[in-house]
Amino acid sequence: MSFEIRDRDLLARIGKLETKSGVIETPLLLPVINPTVQLIMPRIMQEEFGCRALITNAYIVKKHFEEEAVEKGIHDFLDFKGLVVTDSGAYQILVYGDVEVTPEEIVRYQEEINADIATILDVPTGWTTSKQQAQHTVNETLKRARELAKIKTRDDIAWVGPVQGGKHLDLVARSARKIGTLPFQIHALGSPTSVMEQYLFVVLADMILTAKKNLPLERPLHLFGAGHPFMFALAIALGCDLFDSAAYAIYARKERYMTEYGTTRLDELEYFPCSCPACNKNDPQSVRAMPKIEKQKMLAKHNLHASFSELRRIKQTIIEGRLWEHLELRAHGHPALFKALKNLKKHADYLEKQSPVTKKSGLFFFSSLGLIRPEVVRHKDRLFGRYSPPKEAEVLVLLPQTQTKPFHKSREQRRALRRVGQELGDRMRRVHVCTYAAPFGVTPRELDEVYPLSQYEIATPLDDKTIEYVAKQVSRYIVTTGYKGVILLQDVKVWKGKMAKACRRACEKKKISLTMFSPEKPWDGRVLKDLAMAIEKVL
Ligand SMILES: [Zn+2]
């Protein structure tokens, strides 16, 4: 089995996963098939939804259809020609406390029914578990993971090694680190179902990133029990590759209609905000009047369509390098998601390290939330870690950002530099011109064409947090460099005096001169002449 990554954005990846029944593309949603009660038959999943992989529970299959599934093989038994993933009954342990099967039996059984991807019988941590109990689930799962090598007899099945630990992040880290050293092809993050039901997305994000930081990154990660399209963007952006959804059917039975931004009850809908084949043929009123099973089938079909289309949308944003923008859009669907996105601030350095350096697209910044983005963090790290100003530079001239980018090619800055250049002649090489701009901060003239410093758009007026961030970066830049003096051309309307304050404080600290200009119109001809004279004074 191989996993080849073809495209990346944030921690998300589009990958090709090769198995004995063919190649599938990730991120992938596996609809859960319950062979005892099924709203949409596997064959229909394939024919109507183009579904190439699904997941079923080997424990339930064994319990109800033991011999039949072995004789036919799981593919024929389900009447499905794609890829079949089997889960082991761990979820049943969580719900019923125990299962009537040993870890060894369930491994053997998954081999006998010819699953493509199979799962050891892990012990789910659950949500209300004490630390001690959680520790036990981690240890027991690891013990069973180690035993797999002795039990299995085939090499063509890919095995899933689940990570446990629940909300105890230190246990998640240990579980991931240890299981990552064993020869599993895929990993899974266990028991986030209740976390998701209670909308604890901050905890979920912490769990996912803790697992990611400790697992081999080249192996796909399955997020167990995460089947609602409105949180796919978050989970995928954090590096989850596989999902399973029982939700499409569970919600349908409760007459709930899933969308990429939340859930609605059928009886609250006057219109279907969707044009999938199921919604196109009906309106909410006629669906409400249907016999119960027909109604549930219709809702299950829509729910599945909504899930698959969100997944395709996300994949397209990965290709375009616009996953962050999509994530912000989805985060506005529910405050709990928004909170999780804000909370990614504490993981910003990790996100930066794992995100691709260049993209095909420019970036859109809507608010200070964008300050967490890898590109902003990366610019800061480069500026203060690797960059040094030109050797001859003695005076720092800070110009405000312009509408046009790159800044030094804008009409305003070209005119200003020409004017100053006329006055200063070849002393101009001792002058270092930088732009202070949101959200990146100090943008040295010689770098302002480097991606993404001129490939972005930001919404104005800037919010206070963004202004503060940029002012802080400017101040830090002055303090960590060695100029003789600083000339600041203010754009008071945009920066509200915050830039002046930051520069004043930094120059006092460095004991260097500061000259500020605060004209009504920053690019006025007379101001530019004064600017040149001020520079001359410092030189
Ligand atoms: Zn629909």
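The coordinates are above.
Residues numbered from 1 in each chain as written. Predicted model: local features only at pLDDT ≥ 70, side-chain atom pairs only at ≥ 80, totals over all residues. Heavy atoms only, no water.

Colleague: Just to check I follow, could you spell out the packing of aromatic side chains for this structure?
Modeller: Two aromatic rings are characterised by how far apart their centres lie and by the angle between their planes. The tally for this structure, following the rule as stated, stands at 13 aromatic pairs. Geometrically, the ring pair formed by Phe364 and Phe366 is edge-to-face, given 6.4 Å between the ring centres and 85° between the ring planes. A relative accessible area of 36% means that Phe364 is categorised as partly exposed. On the accessibility criterion, Phe366 (48% relative accessible area) is partly exposed. What links up through ring pairs into an aromatic cluster is the set Tyr199, Phe201 and Phe230. A cation over an aromatic ring shows up here: Lys167 above the ring of Trp127, its NZ or CZ 5.0 Å from the ring centre. In this structure, Lys405 is placed above the aromatic ring of Tyr456, and the distance from its NZ or CZ to the ring centre is 4.6 Å. (Phe/Tyr/Trp six-rings, centres within 6.5 Å; stacked < 30°, edge-to-face > 60°. Buried < 20%, exposed > 50% of the residue type's maximum accessible area, 1.4 Å probe, protein only. Lys NZ or Arg CZ within 6 Å of the ring centre and 35° of its normal.)

Colleague: Quick question: what am I supposed to make of the environment of Ser88 here?
Modeller: In this structure, Ser88 sits in the loop between strand S6 (83-87) and helix H3 (90-96). In the structure, Ser88 is positioned 443 residues away from Leu531 in sequence and 73 Å away in space, judged by C-alpha atoms. Those residues in contact with Ser88 that sit more than four places away from it in its chain are Asn57, Tyr59, Ile106, Gln110, Thr119, Ile120, Leu121 and Asp122. Reaching out from Ser88, the side chain makes a polar contact with the backbone oxygen of Ile120 at a distance of 2.9 Å. (Helix = DSSP H or I, 4+ residues; strand = E, 2+ residues; numbered from the N terminus. Contact = heavy atoms within 4.5 Å. Polar contact = N/O pair within 3.5 Å; in protein donor to acceptor, adjacent residues only side chain to side chain.)

Colleague: Any chance you could explain a nonpolar patch on the surface here in plain terms?
Modeller: Taken together, the side chains of Tyr91, Val95 and Tyr96 present a nonpolar region at the surface, about 360 Å² in accessible area. Its place among the elements puts Val95 in helix H3. (Patch = residues over 30% accessible without salt bridge, like charges linked within 9 Å, V, L, I, M, F, W, Y side chains within 5 Å. Areas by Shrake-Rupley, 256 points an atom, 1.4 Å probe, with all protein chains shown as cover. Salt bridge = Lys/Arg side-chain N within 4 Å of Asp/Glu carboxyl O.)

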